[in-house]
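Descriptive analysis of the structure
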Amino acid sequence: MWSDPSPDHPTPNVLMFRGAHSQIPQVLDNARPGLLRSSRSLRWILISPLVAVVALAMLMAATIWYLTESESNQQQQALMRDVNAAQRIISDRLQRAQDELSKAAAELPSKPSAADLRRIAETLFLKAPEVVFLAWVDRGGIIRFVSTSESFPTQGFDRVGTALSRKPSVTAFEYAISSKKPHYSAAIPTQTDVEVDLHVPILRNGVADGGLVATYSLPAMLLSAIPSEISDRIAFSLVGPEGDRFGQTRVEEPNSGRPAYEVPLEPISKQIRLRGFIHRPVSTLHNDVIATLVAGLILFAVISQIVIWRNTRRRLGAEYELAEETAFRRAMENSMSTGMRVIDLKGEIKYVNPAFCRMVGYSAEELTGGSPPYPYWPKEIQDQLGRNLERMLSGESPPSGLPINILRKDGSRLTVRMYTSPLIDQAGNQTGWMTSVTDITEQTRIRQELAQSQERFITVLQALDAAVSVAAPAPTGELLFANQAYRKWFGNSITDGHRYLSAAARGPWADVREIYSDVVERWFEVRIRSIQWVDGRAVELMVATDITQERANQQAQREQHEKLQQTARLVTMGEMASSLAHELNQPLTAIANYTSGAASRIRQAENRQEHIPNEDLIDLLTKTARQAERAGQVIRRIRGFVKRSDPIRRPTDPRVILADSIGLAEIDAREHAIELIQKVPEHLPLLNVDPVLIEQVLLNLIKNGIDAMRGAQRRVLTVEVSFAADQMMFSVVDRGHGVPQAIRNRLFDSFYTTKSDGMGMGLNICRSIIESHQGRLWFEDNPDGGCTFRFTLPVQPESTPQKLSIESEAVKT
């Protein structure tokens, strides 16, 4: 009639057994107080001899432990004293050598001879055998003298005439020169040794003029500095910050049974520690013998007690079996977390467990003996629950359980699921029905909330303008989900939509790709990632946003910005028209004068019938050609500046941009008697920029500086170029009236200008150009008056600095 119980829906009998069996030991103790009292007195009689033996064994073990710990502590204290003493000896030895070297550096003449240096080295090697090298290094870091100790042969020092190459030594040398104090380097491992360099600056009139470098061998320091009376007891080694060993006085390594102690090796470095450990571990032979005897005694007592206990357990076995059945039945009644109810064949309640009483809020006395309708049935559904009870009494209850609502005594309601099975007595006859009740109120609420949440989520996805789709990875052609936007553009096709866009946008979720679809003739911004589907499969989620109109707007904006830049360049040339005309008039006038003079001289020579030397005519023609080249250069610069072309970024030498900008700006500067000064470093890397746009920015800033210095007493405008790391900075420094406080916040706004004939777009366009090149444009006040405009540009990756042919040039008017 009933199917076999499953793990998900166990029958009441199975549930009862599981809960009851776990509570049997606790209930057994409560159900058999008399039996336990009698067995407890017998057990105490049997255990008393064993307790005495164990107490004696614990006392002896404590005594052995105390003696061992006392001896170990004494050895540890002796180890700490020896290690601290060795550390003080090494520190004193290093300090004496440092003082000796500082004294020699102070007495060293300005141009020491090799004999002087060799004398200092021999004295130092004699007093400090652990020093393997002594070198003299000038203030530029170049080695001028090296002397080697013969006591401890090791890897060679850097050659004379070369710069210090070991990075820790270079760092220590720079610090000693800057601080004017002796300084130790970090540990320098070599092929055969581990060394530390002591840098002592040579001070002349308070200025560091190079220094003396003494190289210490750390292993040699351990062998020579530590007295034998200490090294015979303690083995020493040097430990680095990563735990690596720099040297040791003995070959064997410490193990877990040998005490060890570490102290920082000052004054060299707190990161290098002097480690000492005892050769021989604490002897515990006599303690082991005593412990063995005690263990044997305990084992003998335990065996004796086991023999006695086995006989006693046979007698108590029958009593335990009798109490087991009673404890099992009581455990089923009190320990079940599932509500249990027993009714007879007529529907009268015969039994309810405490869990069922807590569930409905009624006591067992109020429920036992009750008939339908039960007090926990809601009045509005009593007829339906009565029909369900009739079907259950006739054996038609579903194996999966029946969900119903119940009314608690306090008026609250619960949703429960009832599982019913026949109750069979020992004779095999059915005497009633056993019902297990499980509270599913929370599960029902969560299920409803999940359904509502899923409905809201699907509604949001369907209303999105972006196309959202989920598909199994290729080559499977299954489209698992697609919202309305996807179906509007691609229908139900997975090939034209999801497959095409996901194949082109393969990458991380944060990597957004813009892809054009030939099918719908639109641009999409595509994101794709792998997710886990409801059935556990790995699938692809794609979100494609239509950006066709956005790209069209961006293109129109770029074209408008390029036109505005072209207009700004033309306006700049218009503002400089007077100066440019004057600049062109000078070479043209000179050309006219030279040609007129040459023609006049030819006519005079013809009238006199004289011969004109070729050198005279060549000189006139050469001067004429120079003036023509000067005028042509001005015209070429103007044409290159104002001609319209598509923005093209390419590797560009910043000196070319600077030269073209200065070439145009110096015309205006010459007219207003302003001096232009360039400050350019010797080496400059390339810039990946549009040279015309950067030239426009630089010329605009220079021209603004020239305008700001009209009427100023000091008419000097400086253009500086510097670079550090991956950024190059251009600075235009004027000595004008500066930027008033009232207009600082609006200086870069569109259509804002302080000039009567200005457009108000110059600085705004300049900032847009610099920011489009991933740079930054700003201004600062000068302490001596005026203003400095600066902008930075990123240096082209992996570009080699170009050497400047001219150190620095000043263009003066």
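Presented here is an overview of the structure given in this document. Quantities reported herein were computed from a predicted structural model and do not represent experimental measurements. (Residues numbered from 1 in each chain as written. Predicted model: local features only at pLDDT ≥ 70, side-chain atom pairs only at ≥ 80, totals over all residues. Heavy atoms only, no water.)

A look at the overall build of the chain
Along the chain, the regular secondary structure elements total 20 helices and 30 strands. Sorting the 813 residues of the chain into buried and exposed places 40% on the buried side. Considering only residue pairs separated by 6 or more positions, the chain has 58% of its internal contacts joining residues 24 or more positions apart. Carbon and sulfur atoms form 53% of the exposed surface of the chain, whose accessible area is close to 45,700 Å². (Helix = DSSP H or I, 4+ residues; strand = E, 2+ residues; numbered from the N terminus. Buried < 20%, exposed > 50% of the residue type's maximum accessible area, 1.4 Å probe, protein only. Contact = heavy atoms within 4.5 Å. Areas by Shrake-Rupley, 256 points an atom, 1.4 Å probe, with all protein chains shown as cover.)

Thoughts on the pattern of salt bridges
Evaluation of the coordinates by the stated rule reveals 25 salt bridges. For Arg 275, the salt bridge identified is with Glu 262, shortest N-O distance 2.7 Å. Linking Arg 275 in strand S10 (residues 269-278) with Glu 262 in strand S9 (residues 260-265), this pair joins segments that are 13 residues apart in sequence. Under the relative-accessibility criterion, Glu 262 is labelled partly exposed at 29%. Among the salt bridges present, the one from Lys 350 reaches Glu 348, with a minimum N-O distance of 3.6 Å. What makes Lys 350 partly exposed here is its relative accessible area of 46%. (Salt bridge = Lys/Arg side-chain N within 4 Å of Asp/Glu carboxyl O.)

Some details on the pairing of strand S2 (residues 143-148)
Direction of pairing for strand S1 (residues 131-137) relative to S2: antiparallel, over a ladder of five bridges. Along S2, the bridge assignment pairs Phe 133 with Thr 148. Counting the residues that bridge the hairpin from S1 to S2 gives five residues, and of these Gly 141 lies at a positive phi of roughly 85 degrees. (Pairing = 2+ DSSP bridges.)

Considerations on the sheet that holds strand S13 (residues 402-407)
Within a sheet, neighbouring strands are paired by backbone hydrogen bonds and run either parallel or antiparallel to one another. Pairing is antiparallel in the open sheet, where five strands are placed in the order S12-S11-S15-S14-S13. Each edge of the open sheet carries a strand with a single partner, namely strand S12 (349-352) and S13. If you compare each strand with its neighbour and ignore which way they point, the axes differ by 35 degrees on average. Across nine bridges, strand S14 (residues 413-424) lies against strand S15 (residues 430-439) in antiparallel orientation. From the neighbouring strand, Met 418 faces S15, where its bridge partner is Val 437. Most of the contacts of helix H11 (residues 382-393) go to strand S11 (residues 339-344), to which it runs at about 70 degrees, and overall it touches S11, S13, S14 and S15. (Axes fitted to C-alpha atoms, helices over the stretch in contact; angles between N-to-C directions.)

Structural notes on the packing of helix H18 (residues 654-671) against helix H19 (residues 691-708)
One way to put it is that H18 packs onto H19 with a least axis distance of 9 Å and a crossing angle of 30 degrees. Taken together, the axis directions place H18 and H19 in an arrangement best described as roughly parallel. Of the two elements, H18 crosses H19, and the hand of that crossing is right-handed. On H19, the residues touching Ile 657, Leu 658, Asp 660, Ser 661, Ile 662, Leu 664, Ala 665, Asp 668 and Ala 669 of H18 are Pro 691, Ile 694, Glu 695, Leu 698, Leu 699, Ile 702, Lys 703 and Ile 706. Tallied by class, the residues present in the contact of H18 with H19 amount to twelve nonpolar, one polar and four charged. (Parallel < 35°, antiparallel > 145°, perpendicular 65-115°, else oblique. Left-handed = near helix turned anticlockwise from the far one by under 90°. Nonpolar A, V, L, I, M, F, W, Y, C, P; charged D, E, K, R; others polar.)

Observations concerning a nonpolar patch on the surface
Together, Leu 56, Leu 59, Met 60, Ile 290 and Leu 297 make up a nonpolar patch on the protein surface, roughly 420 Å² of accessible area in all. Looking at the nonpolar patch, the elements that each hand over two or more residues are helix H3 (33-107) and helix H8 (285-334). In terms of residues, the nonpolar patch owes the most to one element, H3, which gives three residues. Locating Leu 297 in the fold gives a position in helix H8. (Patch = residues over 30% accessible without salt bridge, like charges linked within 9 Å, V, L, I, M, F, W, Y side chains within 5 Å.)

A word on unusual backbone geometry
The step from Glu 266 to Pro 267 runs through a cis peptide bond, and the omega angle for that step is 5 degrees. By the secondary structure assignment, Pro 267 is in the loop between S9 and S10. Here Pro 372 and Pro 373 are connected by a cis peptide whose omega angle stands at -5 degrees. Position of Pro 373 among the secondary structure elements: in the loop between helix H10 (364-367) and H11. For Ala 673, which is not a glycine, the phi torsion comes out positive at approximately 55 degrees. Here Ala 673 is to be found in the loop between H18 and strand S22 (675-679). Phi angles above zero are rare outside glycine, and Gln 774 is one such case at about 60 degrees.

A word on the packing of aromatic side chains
For the coordinates displayed, the defined rule picks out ten aromatic pairs. On the numbers, 5.1 Å between centres and 70 degrees between planes, the contact of Trp 489 with Phe 524 is edge-to-face. Of the two residues, Trp 489 sits in helix H13 (residues 484-490) while Phe 524 sits in strand S19 (residues 522-532), which places them 35 residues apart along the sequence. Comparing Trp 489 with Phe 524 shows no difference in burial state: the two are buried. Ring geometry for Tyr 516 against Trp 523: centres 5.3 Å apart, planes inclined by 55 degrees, an arrangement best described as tilted. Judged by its relative accessible area of 26%, Trp 523 falls in the partly exposed class. Linked through ring pairs, Phe 356, Tyr 374, Tyr 376 and Trp 377 together constitute an aromatic cluster. Above the ring of Trp 778, the side-chain terminus of Arg 776 is found at 4.0 Å from the ring centroid. (Phe/Tyr/Trp six-rings, centres within 6.5 Å; stacked < 30°, edge-to-face > 60°. Lys NZ or Arg CZ within 6 Å of the ring centre and 35° of its normal.)

Description of the environment of Val 716
Here Val 716 lies in strand S25 (residues 716-724). For Val 716, a relative accessible area of 17% translates into the label buried. Note: C-alpha distance between Val 716 and Asp 734 (18 residues apart in sequence) is 6.6 Å. Setting aside its immediate chain neighbours within four residues, Val 716 contacts Glu 675, Ile 677, Met 709, Val 733, Asp 734 and Arg 735.

So, the sheet that holds S19
The antiparallel open sheet is built from five strands, whose spatial order is S17-S16-S20-S19-S18. Both outer strands of the open sheet, strand S17 (479-482) and strand S18 (513-517), are each paired with one neighbouring strand and no more. Strand-to-strand, the axes of this sheet are offset by a mean angle of 30 degrees, without reference to chain direction. On top of the sheet, helix H14 (residues 494-504) reaches strand S16 (467-471), S17, S18, S19 and strand S20 (538-546); it is set at about 95 degrees to S20, its chief contact.

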